[in-house]
Structures are given as structure tokens and as C-alpha cells.
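Residue-level listing of the chains:
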Number of protein chains: 2
Amino acid sequence: MSDAADAISRALVLRRRPNGLPGPHDFEWRETPLPAPGPGEVLTRTLFLSIDPYMRGRLSDRPSYAPSVGIGEVMTGECVGRVIASADPGFAPGDVVLGTRGWQTHALAKAKNLVKLPPSGPGVAPYSAYLGVLGMPGTTAYSGMKDIGRPQAGETVVISAAAGAVGSVAGQLAKRAGARVVGIAGGSAKCLYVQEELGFDACIDHRADDLDAALAETCPKGVDVYFENVGGAVQRAVFAALAPFARVVMCGMVAQYNDASFADGPNLGFVVGKRVTIQGMIVSDKPERFAEWRSLASPWVADGSLAWREDMHDGLESAPAALAAVLRGGNFGKCVVRVARE
Amino acid sequence: MSDAADAISRALVLRRRPNGLPGPHDFEWRETPLPAPGPGEVLTRTLFLSIDPYMRGRLSDRPSYAPSVGIGEVMTGECVGRVIASADPGFAPGDVVLGTRGWQTHALAKAKNLVKLPPSGPGVAPYSAYLGVLGMPGTTAYSGMKDIGRPQAGETVVISAAAGAVGSVAGQLAKRAGARVVGIAGGSAKCLYVQEELGFDACIDHRADDLDAALAETCPKGVDVYFENVGGAVQRAVFAALAPFARVVMCGMVAQYNDASFADGPNLGFVVGKRVTIQGMIVSDKPERFAEWRSLASPWVADGSLAWREDMHDGLESAPAALAAVLRGGNFGKCVVRVARE
């Protein structure tokens, strides 16, 4: 059922737990014959693999909300793939689907976990967008703002990692809600992008600016909503600038994902006096948000009113370096690996 | 309109901002002739003055949710008083009222801020209880649990300062909700009281026990709700023991109220992975909770099903030392100063 070029699946498996930033030597190749799908299963050729900060947690054996990837196991990750064999009536060879997983050229998946994507063409989002602006990162921003941040017209919203896949959407949603939106990003190119392309009202360069002074200047009435992707010094500065009744969406703290032990955080006395709410989230807790967001945002992607940007890497072999780049802020846009041509 | 013994009002005014723990020398006496109430006003003789941890904040010039008491101003505090003169049709001499303020023998108050208390007698709470179990501390516990903690049957709830005016009520409310309740208190006498009189399932002595080990033993499934009154090492230990989707009611951090600068807090990475909510509260944000709580809890006080305890001090001159005791955990029960005999 699969074509001749697809007799073998190649995968990157975890060779050892990384010490600090992960790199190519932490993974190794494994080749296996292509499996045949059993009833209710679908075999896909991977087109695009998403690279996301959360992956660092899966490489560690530190306790987490999700199990680690074991040594010798295929590294996990969300994919878009093309069906090459199907044993489920809902899918046929040629269909493009979201929901397969793994750093591998082919994936066997249960049909019930897959979403069939609309054919590409004018006025339709490209397939890779379902890994970013329309996918898990976009849904994370949507759920975080809808369920926790709830920005109101006239409020001040601060977004860290503002040029990233989650932050860029979170900030644009806050703008649509009528809030004043200030981004924090690393470097002048990203800050320019955040202001010019994403339409934020201001953007602070955490590599160049005095954070406290820049927050005081750009958020004179204090910060009503903080969408936290970073942690560390940025967290400390924004927490100090929070307004009474502020909401903090705790989405991630990528600045410390490579640390062997975690530094202390800010003193939380202010939480009482300012009646702040600090709330953690994992996007998969509200799975209904994925379809909601695809349906809400697809027209905005089609008409160009929701800006997004990709940092595309070619070839599965580029995945480890791409992940390292994401973890040190070296990407510019949603990091995606093109595993095969469509 | 006032009787002969009440020609002069004596008040404790702030003499200087305390350095660390406040004491008698931070206050001084001021005597003034009794004022006559204007229209809509009521003059009371203070019967009981409440001493509460939040008062430390009013003695400092650190920015806060409420203004500081100025040097030379009467120290603030909630009181129960007996009306000795009234220029409002709703109140008459002899009435006992809640809602006057100040470390002073007499207070002039606007009638609209006062609540008339039921006459004392069998089956009725004593007047002083309206400063504790039925008053601001009780309402704080009620609002914190109702609006933030929301303990469910079978959940594990931890209460710091468990023998205190707020913690004792918070824990009993969690027991009524069917939760397993573990207190944290200082010293074996308080721990015994928390278990035997308040009916908590366990109580950890933060002066004697290894906090991490004791939490692991008493909360084997993790902590679903933490009612935070203390901060410091206790906060750090309980945060490390939180269960997924835990709620933290940030009511106070009394362990640091006398500190000139605040120590760092725990790293907040766990908030994301465990989807924890940490939320600050000030009881006055929901003023409707006061009357709700009085109406809900008065029968429980009358029938003895809600346990409470007072630490009564005699004479307004004892107020500074009583406050110092509260701030170092030296009180045992709700701290009240009896300013005049009923």
C-alpha cells in the first residue's frame, strides 16, 4: 500500500539525557521496516515536525505532568503527515492529517487521534500552520487568554517571548480585546517584528533594555495581564510591575528549562496585597479548545489579519539543533522541521 | 448625652514607625475632649478592640493596598462599642455596635458603617466574637474558602497558622466540606488544640517537625488546597507538596511582616506543570461576605459546632504588646483587647 520509496522508516531516538542544552549527540538514528496499519490505524509519511520548548521536559527524568521519553525511544513531537496507507474508513492515501507524533519519517497512528486538514490552496492556511498559529501554540495562547488572562479593553497586557509561536498569538488576541499590549523579546529584530508586524503597542528588548525602567515607561498604570513564557529575570521584573487584580498566565518558563536546579523566585507577598492570580496551564487540559481555535482563527489566517511567521528547517536531521535554538531563543518564528516535500 | 465618666477620650497614636517588631514605645497617648456626634453620627465607648496581623502593614510606609497610619494619627483597628450618644435614628444609647475603629476609648462613627449586635445572653455569641470567629477573621476564612480554595470532599487541605483566628475557621470549613484537613501551627499546645478542639485530622508543629517529611506523611496524595497565612519556610514546604490543580489562598505572610526586606520565594516552575492557582485576597473586596458569614455561622457558634478561642488582654494600654505577640505567634486564639467592661 505504500510506495517504493517508503520501505523503511527512519527515526531519531533518545541516546542519552542531555546535560544542559540538547544537541545532535543526544540522539541517534534507528531504521525499522514500515509497519502495516491494523484496524482503525493509519500510516503516514511525516511532512512537518513541530519543535517546541516543552520538549526539553520530555528529555529530562525530572518529574513532570507528562512522562519522559525513555532512552532508546523515539523522541516525541507533533506532526503533519500524508496518509500512505489506511485501515480506517475515515482516511485514504493522499489525505493530509494533523496528530501523528514523533521525530520520524513515518508514523502509525490511531485514526481517532487525527484531524484531516483541508487541501492546500489560495485562501487556505499551509499545512505547516497547523503546527503553529492554528495548532498547539496558537491554541495555548487562545486558551491562556480565554480561560485565565481575560484581557479587557483598556487594560495593559505584557507578553514575554512575544515574537514566539505562543506569545505572538497571545498578544494579538489581547489587541483584539482592546488592550494595550507590550511585548518582551530578545534582540532588536524581534522587537521590530513584534511592533511592526504583530501590531503590539511597544516591545522591550530584554537583552538591551533596563527591564524595570522599560516596564515603568511602557506600562505606567501597571500590568493587568502577564502571559508568562520565560521566567527568570523577566518574571521578576514583570511581577514587580503588576497592577491590583492582575492575572498571570503561567504558560512556561523556558529560561530555566536547561537548568539542573532552579533558582529561587520572587517573594510572593505582593500576591496578597495586590490580589494577584497566578495560574498554571497545559493546553491539553481543555482539548475542546483546539477545534475551537482552528475554527476561530482559520479565517484570520486566510485574510491575513492574524500575523504569523515560521522558522523552517529542512530535514529531520536538523531537529536536534532546531530544538537547541528554540531553547536559547535563537529561532525567529514558529520552529518547524520540513521532513518531506509535500 | 454622655455620662460623667466619659468626658475625655484616650487614644494610642503612632509615635514612630517600628523597626522590626512593634512595641509600646512606638505609640503614645493622646487625650481629647469627647466630640458630639453630628447628623448621621454615633459616639461609642469602645468595649473590645481587635488585634490582627494586618496591622503591621499599617505601621509601615511601604506601599500597600491600604494607606498607612500617619505619625501622630490614632492607630487603626476594628472595635465593638456601646453607643453613648447618637444623632442617627437607627441607634440609641446602650446599643452595642460593630464597626467603629481605632485604638481609643471612644469613637465617633458614621451610622451607615455600623452593625447593631444582638443583646448578649444564653445561646448568643458574646460581643467580642464579632471581632473574631463571626467578624473579619472568620469572614476572611469563609471568603477565602468559598471564592478561592473551594475544598471538595476527599481532597487534602493544609492550613498554616491553623490555631489562629483565620486558620481555625478555614480548617473547620474544609472539614465541613468533607476534606481531609492538616494544620500547621507553632508548638505542641497549639497542635493539640487544632486536633482535639478544632477537629483537624492532623497538625504539624513547624517548630519541631521536619516540614517536608511531615507533609509527605500527613498528605500522601499531595495538597489540593493550601490556605496561606504565614509564608517563609512553611510556604516553601507546602508549595513543594502541592497536588495537580491545587488552589492556594494567599491570605497573608505574617512570618515576614516585620522584615525590612523580603527574602526570595520558591521557584514557580511547578505552577505550570501542576496547573496550580495562587490567588491573593483581601476580605474587604467582597463586603457582602461579612453579613453572609454572620448569618451562616452565628447558629454554629450558638450550638457550639464551630470551635473558637480568644486570647483576651485587659486595658487599651496592652494593645502594643498584644500586637507584638500576634506577630511572633505568641497568641493562642483570637487576640482581643478588652478596653472597657460592658
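The text that follows walks through the structure, step by step, so that each part is easy to find. Just so it is clear, the structure is predicted and the values come from calculations on it, not from any experiment.

### Thoughts on the interface of chain B and chain A
Size of an interface: often given as the accessible area lost when the parts come together.
Consideration 1: Between chain B and chain A, the residue contacts involve 30 residues of the former and 30 residues of the latter.
Consideration 2: Contact between chain B and chain A buries roughly 2300 Å² in total, counting both sides, with carbon and sulfur atoms accounting for 57%.
Consideration 3: When the buried area of chain B at its contact with chain A is split by residue, Asn 267, Leu 268 and Val 272 of chain B rank highest and sum to 26% of it.
Consideration 4: Inspection of the chain B/chain A interface yields four salt bridges.

### Notes on the nonpolar core
Consideration 1: Core analysis: the largest hydrophobic core is formed by 104 residues, its most contacted members being Ile 51, Trp 103 and Ile 278 of chain A together with Ile 51, Trp 103 and Ile 278 of chain B.
Consideration 2: With sequence-adjacent residues up to four places away left out, Ile 278 of chain B is seen in contact with Val 271, Val 276, Thr 277 and Ile 278 of chain A together with Phe 239, Val 248, Met 250, Leu 268, Phe 270 and Val 271 of chain B.

### Re the relation of the copies chain B and chain A
Consideration 1: Expressed as a screw operation, the relation of chain B to chain A combines 0.0 Å of axial shift with a rotation of 180°, fitting to an RMSD of 0.0 Å. Such a turn and shift between the copies fits a two-fold axis.

### Some points on the state of the cysteines
Consideration 1: Applying the stated criterion across every chain yields a total of zero disulfides over all chains.
Consideration 2: Not engaged in a disulfide, the cysteine Cys 219 of chain A finds its nearest cysteine sulfur in Cys 203 of chain A; these two sulfurs lie 11 Å apart.
Consideration 3: Take Cys 191 of chain B: it sits in no disulfide, and the sulfur closest to it among the cysteines is that of Cys 203 of chain B, at 3.4 Å.
Consideration 4: You can call Cys 191 of chain B buried: its relative accessible area is 6%.

### As for the packing of helix 2 (residues 136-149) of chain B against helix 8 (residues 288-302) of chain B
All names here are of chain B.
Consideration 1: Look at helix 2 against helix 8: their axes get within 9 Å of each other, and the N-to-C directions meet at 100°. Considering their axes alone, helix 2 and helix 8 lie roughly perpendicular with respect to each other. Contact residues: Met 136, Gly 138, Thr 139, Tyr 142, Ser 143, Lys 146 and Asp 147 in helix 2; Arg 289, Phe 290, Glu 292, Trp 293 and Leu 296 in helix 8.
Consideration 2: For the contact of helix 2 with helix 8, the per-class residue count stands at five nonpolar, three polar and four charged.

### Points about the sheet that holds strand 11 (residues 223-228) of chain B
Consideration 1: Strand order across the open sheet formed by 12 strands is 10(A)-9(A)-8(A)-11(A)-12(A)-13(A)-13(B)-12(B)-11(B)-8(B)-9(B)-10(B), with mixed pairing between neighbours. Two strands lie at the open edges of the sheet, namely strand 10 (202-205) of chain A together with strand 10 (202-205) of chain B, each paired on one side alone. On average, each strand axis in the sheet is inclined to that of its neighbour by 15°, with strand direction left out of account.
Consideration 2: Two elements, strand 9 (residues 180-185) of chain A and strand 10 of chain A, share four bridges in a ladder whose sense is parallel. By the bridge assignment for strand 10 of chain A, Gly 183 of chain A is matched with Cys 203 of chain A.
Consideration 3: Sheet strands touched by helix 5 (residues 211-218) of chain A: strand 8 (156-160), strand 9 and strand 10 of chain A. Its angle to strand 10 of chain A, the strand with the most contacts, is close to 175°.

Basis of the calculations
- Residues numbered from 1 in each chain as written.
- Chains lettered and ligands numbered in written order.
- Predicted model: local features only at pLDDT ≥ 70, side-chain atom pairs only at ≥ 80, totals over all residues.
- Heavy atoms only, no water.
- Contact = heavy atoms within 4.5 Å.
- Buried area = accessible area lost by both parts, 1.4 Å probe.
- Salt bridge = Lys/Arg side-chain N within 4 Å of Asp/Glu carboxyl O.
- Core = buried A, V, L, I, M, F, W, Y, C linked by side-chain atoms within 4.5 Å.
- Buried < 20%, exposed > 50% of the residue type's maximum accessible area, 1.4 Å probe, protein only.
- Least-squares fit on C-alpha atoms with pLDDT ≥ 70 in both.
- Disulfide = S-S within 2.5 Å.
- Axes fitted to C-alpha atoms, helices over the stretch in contact; angles between N-to-C directions.
- Helix = DSSP H or I, 4+ residues; strand = E, 2+ residues; numbered from the N terminus.
- Parallel < 35°, antiparallel > 145°, perpendicular 65-115°, else oblique.
- Nonpolar A, V, L, I, M, F, W, Y, C, P; charged D, E, K, R; others polar.
- Pairing = 2+ DSSP bridges.

Any link to function would need more than the numbers given here.
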